[in-house]
Amino acid sequence: MTSALRDLTDLDRIIHEPARLMIVSLLYVSKEADFVYLLRETDLTKGNLSSHLVRLEEAAYVRIEKTFRGKLPLTLCSLTDAGRTAFESYRKTVKRALSR
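Just so it is clear, the structure is predicted and the values come from calculations on it, not from any experiment. (Residues numbered from 1 in each chain as written. Predicted model: local features only at pLDDT ≥ 70, side-chain atom pairs only at ≥ 80, totals over all residues. Heavy atoms only, no water.)

Caption draft 1: Fine view of the overall build of the chain. When helices and strands are counted, the chain shows 6 helices and 3 strands. In sequence order, the chain lays out its α and β elements as α-α-α-β-α-α-β-β-α. Oriented by its inertia axes, the alpha-carbon framework of the chain measures out at about 55 × 25 × 20 Å. When burial is assessed residue by residue, the chain has 38% of its 100 residues classed as buried. (Helix = DSSP H or I, 4+ residues; strand = E, 2+ residues; numbered from the N terminus. Buried < 20%, exposed > 50% of the residue type's maximum accessible area, 1.4 Å probe, protein only.)

Take a look at the structure:
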């Protein structure tokens, strides 16, 4: 087994989970996204999306801001610098392993 393939065993398990990988991928390409957008794009349930966002927030990968748009509640999510760095590292590891 090549060392690049062995590197897959060290992938960040927080990001590697498929639902969280979708969320982080969406947030990586945008400054921020609201909960409804993430809900629609990931096709997760509200509870499932919420629990994955909490897990990412606990890992300090995602910042969650609860605010209002007019009188309607608005939850905005964005990647932290640590989350952006972790995702870039994840992508490099996967790309290196799969390029063989």
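Caption draft 2: Spatial organisation of the sheet that holds strand 3 (residues 72-79). Taken together, the 3 strands give an open sheet; going across it, the order is 1-3-2, and neighbouring strands pair in antiparallel fashion. Only two strands of the sheet have a single neighbouring strand rather than two, namely strand 1 (33-34) and strand 2 (62-69). Strands in contact with helix 5 (residues 46-58) are strand 2 and strand 3; relative to strand 2, the strand with the most contacts, it is inclined by about 125°. (Pairing = 2+ DSSP bridges. Contact = heavy atoms within 4.5 Å. Axes fitted to C-alpha atoms, helices over the stretch in contact; angles between N-to-C directions.)

Caption draft 3: Looking closely at the packing of aromatic side chains. One pass over the full model with this rule turns up 1 aromatic pair. Ring centres of Tyr28 and Phe87 lie 4.9 Å apart, and the angle between their planes is 55°; on these two criteria the pair is classed as tilted. Here the residue Tyr28 occupies a position in helix 3 (residues 18-28), and Phe87 occupies one in helix 6 (residues 81-98), the gap between them amounting to 59 residues. (Phe/Tyr/Trp six-rings, centres within 6.5 Å; stacked < 30°, edge-to-face > 60°.)

Caption draft 4: Structural view of the pairing of strand 3. Counting buried positions along strand 3 yields 6 of 8 residues, so the element is predominantly enclosed. Taken together, the 2 bridges between strand 1 and strand 3 define a ladder with antiparallel strand orientation. The residue bridging Ala33 from the neighbouring strand is Cys77, located in strand 3. Bridging between strand 2 and strand 3 involves 8 bridges; their strand directions are antiparallel. Paired with Thr67 across the bridge in strand 3 is Leu74. Taking the residues that link successive antiparallel strands as the turn, the strand 2-strand 3 hairpin has 2 residues, and the phi of Gly70 there is positive, at about 70°.

Caption draft 5: Structural view of the environment of Leu11. You can see Leu11 is positioned in the loop between helix 1 (3-6) and helix 2 (13-16). With 80 residues separating them along the chain, Leu11 and Arg91 place their C-alpha atoms 9.5 Å apart. Not counting the four nearest positions on each side in its chain, Leu11 is found in contact with His16, Tyr90, Thr93 and Val94.

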